[in-house]
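Letter by letter, the chains look like this.
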Amino acid sequence: MKKIDLRNYDLIIFDMDGTLYFQRPLQIHMAFLLLTNMLRHPLDGFFVIRTLRVFRHCRGQMKGLAVSDSYRYSLTQAAQQLHRSESEINTIIQKWMFTIPLQIINKYQDHNLIRNIKLLQAQNKKIAIYSDYPAEQKSRAIGLSDIPCHDAADPLIDCMKPNPKGIRHIMQLYDICDPKKVLMVGDRKSPDGMAAKAADTDYLILPKSFLCRNYWG
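Residues numbered from 1 in each chain as written. Predicted model: local features only at pLDDT ≥ 70, side-chain atom pairs only at ≥ 80, totals over all residues. Heavy atoms only, no water.

A. Inspection of the packing of aromatic side chains at higher detail. Evaluated as defined, the whole model comprises one aromatic pair. Here the guanidinium or amino end of arginine 84 rests over the ring plane of phenylalanine 47, the centre of that ring lying 4.0 Å away. (Phe/Tyr/Trp six-rings, centres within 6.5 Å; stacked < 30°, edge-to-face > 60°. Lys NZ or Arg CZ within 6 Å of the ring centre and 35° of its normal.)

B. Up close: the side chain of glutamine 109. Turning to its location among the elements, glutamine 109 is positioned in the loop between α4 (86-104) and α5 (111-122). A polar atom in the side chain of glutamine 109 sits 3.1 Å from the backbone oxygen of asparagine 106. (Helix = DSSP H or I, 4+ residues; strand = E, 2+ residues; numbered from the N terminus. Polar contact = N/O pair within 3.5 Å; in protein donor to acceptor, adjacent residues only side chain to side chain.)

C. Just the packing of helix α2 (residues 42-60) against α4, in detail. Running from amino to carboxyl end, α2 crosses α4 at an angle of 90 degrees, the nearest separation of the two axes being 10 Å. Comparing their axes, α4 and α2 come out roughly perpendicular. For the pair α2 and α4, the contacting residues are Phe47, Val48, Thr51, Leu52, Phe55 and Arg56 in the first and Glu88, Ile89, Ile92, Ile93, Trp96 and Met97 in the second. Looking at side-chain class alone, the contact of α2 with α4 contains nine nonpolar, one polar and two charged residues. (Axes fitted to C-alpha atoms, helices over the stretch in contact; angles between N-to-C directions. Parallel < 35°, antiparallel > 145°, perpendicular 65-115°, else oblique. Contact = heavy atoms within 4.5 Å. Nonpolar A, V, L, I, M, F, W, Y, C, P; charged D, E, K, R; others polar.)

D. Spatial organisation of the nonpolar core. Core analysis: the largest hydrophobic core is formed by 45 residues, its most contacted members being Ile12, Phe14, Leu20, Ile89, Trp96, Ile117 and Leu183. Secondary-structure elements contributing two or more residues to this core are β1 (11-14), α1 (23-40), α2, α3 (67-82), α4, α5, β2 (126-131) and β4 (182-186). In this view, isoleucine 89 contacts Phe47, Thr51, Leu75, Ala78, Ala79, Leu82 and Arg84; residues no more than four positions away in its chain are not counted. Ala128, Tyr130, Met184 and Ala195 belong to the second largest nonpolar core, which has 16 residues in total. (Core = buried A, V, L, I, M, F, W, Y, C linked by side-chain atoms within 4.5 Å. Buried < 20%, exposed > 50% of the residue type's maximum accessible area, 1.4 Å probe, protein only.)

E. Expanded view of the pattern of salt bridges. What the rule picks out here adds up to eleven salt bridges. The shortest N-O distance in the salt bridge between aspartate 202 and lysine 180 comes to 3.7 Å. Taken together, the residues span a long stretch of sequence, with aspartate 202 in strand β5 (residues 202-205) and lysine 180 in the loop between α7 (165-173) and β4 at a distance of 22 residues. For lysine 180, a relative accessible area of 39% corresponds to the partly exposed category. With a shortest N-O distance of 3.1 Å, aspartate 187 and lysine 208 are connected by a salt bridge. Here aspartate 187, found in the loop between β4 and α8 (189-198), pairs with lysine 208, found in the segment after β5; they are 21 residues apart in sequence, far enough to count as distant. Accessibility expressed as a relative area gives 5% for aspartate 187, which makes it buried. Several salt bridges converge on common partners, so that one network encompasses Asp15, Lys161 and Asp192. (Salt bridge = Lys/Arg side-chain N within 4 Å of Asp/Glu carboxyl O.)

F. Structural detail: α8. Taken residue by residue, α8 has Pro191, Asp192, Gly193, Ala195 and Ala196 as its buried positions. Looking at the buried residues of α8, the elements they touch are α7, β4 and β5. Within two residues after α8, aspartate 200 carries a phi angle of roughly 65 degrees, on the positive side.

Here's what the structure looks like:
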């Protein structure tokens, strides 16, 4: 992982999923909870897993839509395919994709990275979180509630990475004109690195394993 000098940057933007917490261990934990639920309640548990798979597939087919509309349309499509009400499907999605992960996400936060971020805050460095998905509740759960969060569903962004619009919008909010004064920190070359490259900012891609992360000092 390349070394960087943070003194070169006026604004540092952090991705959320896979960056501020380790995503794979969280996914494994969620898979265990889903399996346990299915063993305890076979019919309902199987339907929960099927619902999640159908919803994710529907959402993957909605990439051409505005981000603000994708959840609603995906919910409608999933409900039609599963022959259930949108309210019932939404209850499952909210519980298993949002509520339960928030209850365990702190177990998988990157403590070293978060400590580094708090040190940067103490040095009055401008910090922002930018995710394709809502990040504010996740930010609170891992102890970064005082950092501004931005996501693709913001009407002023309304697109997902690697579109650079989100990075440029955040730059405007912080009154930064020179993209070379901005660093994007993420866990994937696509979309995080590609979004930064399209916005002409620098970027740092962190390894997915905590064993390989050494950051910048």
